[in-house]
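In case you want the letters, here they are:
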Amino acid sequence: AFFNLALDVAGNFDEVTRHQAFLASVQNREPVWGGSEDAPFMVSPPGAWFMNFYADGQESTDFLNTFEIDQVGLALWSFWAHGTFAPNENVQRDVVAASWSSIEQGARLLAACVDEEHPALTGSEAAEGYPVWWPAYEQLAAGTVPDADARWNAMAAGSWESLRPCTANEDDNPISTVSLYSTHVTRLGLLAAVRAAELLCIESDEITYWKERADELGAVAFSLYWD
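Residues numbered from 1 in each chain as written. Predicted model: local features only at pLDDT ≥ 70, side-chain atom pairs only at ≥ 80, totals over all residues. Heavy atoms only, no water.

Student: In this structure, what is going on with the packing of aromatic side chains? I would like to understand it.
Tutor: The geometry of an aromatic ring pair comes down to the distance between the two centres and the angle between the two planes. Scanning the model with the defined rule gives eight aromatic pairs in all. For the pair Trp134 and Tyr137, a centre-to-centre distance of 4.6 Å together with 10 degrees between the ring planes defines the contact as stacked. Highlighted residues: Trp134 and Tyr137, both in helix 5 (residues 134-141), separated by three residues, approximately one helical turn. Three or more aromatic residues joined by ring pairs make a cluster, and in this case those are Trp33, Phe67, Tyr130, Trp133, Trp134 and Tyr137. (Phe/Tyr/Trp six-rings, centres within 6.5 Å; stacked < 30°, edge-to-face > 60°. Helix = DSSP H or I, 4+ residues; strand = E, 2+ residues; numbered from the N terminus.)

Okay, here's the thing in structure tokens:
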């Protein structure tokens, strides 16, 4: 994402467009499974990327930091930010539209990947081998967004921990954690996805929820991490 920004600033717009197409092509579109035949488990969700590509596109190991939440947020921001360097609005829409499927997949993941106590998970239980937040993903994929009143009640009660992102790999850390960093980068990715949808005149209840979830995360950041 940062290399792309530098290249765009330097005027290498077409090079970044090609890089974005590569990133879109290697994003997970389905859950990636690991474990044994008797005890399979999801090692990387749809919308994420493996951290296993060198700069020339050659693959490295498959199972190292298989879901870096900040990687997803920064990728969505990069897809959106690249469009702002387009020479005109038509080209901007074209490059963002080319990445839209990846943006949508990534934003759905970021919006669904919530703390195990989040109101979206009340009364639900993930199937064996799936992460605890998976029911929220299934709801969003089906067009159902978490109840607004339940989320507002959690904020009113000061239950900020329950509104955090899920634990995941952060910035090369192999231990799953949640922090100010993942909270902000998740919010960044969701806001970038909302702006991309606005540019492309795409509307849905899910996209509206992306914005609401980003606002939740902003409140979480100030409430839990601001002294």
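Student: Help me out: how do you make sense of the environment of Ile69 in this one?
Tutor: As for its position among the elements, Ile69 is in helix 3 (residues 69-83). Using a relative accessible area of 0% as the deciding quantity, one classes Ile69 as buried. Each C-alpha atom of the pair Ile69 and Ser159 lies 22 Å from the other, and the pair is 90 residues apart in sequence. Apart from residues lying up to four places away in sequence, Ile69 is in contact with Leu110, Cys113, Pro165, Cys166, Ala168, Asn169, Glu170, Ser182 and Thr186. (Buried < 20%, exposed > 50% of the residue type's maximum accessible area, 1.4 Å probe, protein only. Contact = heavy atoms within 4.5 Å.)

Student: Would you mind going over the pattern of salt bridges with me for this structure?
Tutor: A side chain with one charge can pair with a side chain of the opposite charge if their charged atoms come near. In total, this model carries eight salt bridges according to the counting rule given. Across the pair Arg151 and Glu216 runs a salt bridge whose closest N-O atoms are separated by 3.0 Å. Here Glu216 lies in helix 8 (residues 205-225) and Arg151 lies in helix 6 (residues 148-156), a separation of 65 residues in the sequence. Judged by its relative accessible area of 2%, Glu216 falls in the buried class. Linking Arg213 and Glu216 is a salt bridge whose minimum nitrogen-to-oxygen distance equals 2.7 Å. With a gap of three residues between them, Arg213 and Glu216 both fall in helix 8, about one helical turn apart. Each of Arg151, Glu212, Arg213 and Glu216 takes part in one network of salt bridges that share partners. (Salt bridge = Lys/Arg side-chain N within 4 Å of Asp/Glu carboxyl O.)

Remember that the coordinates give geometry; whether it matters functionally is a separate question.
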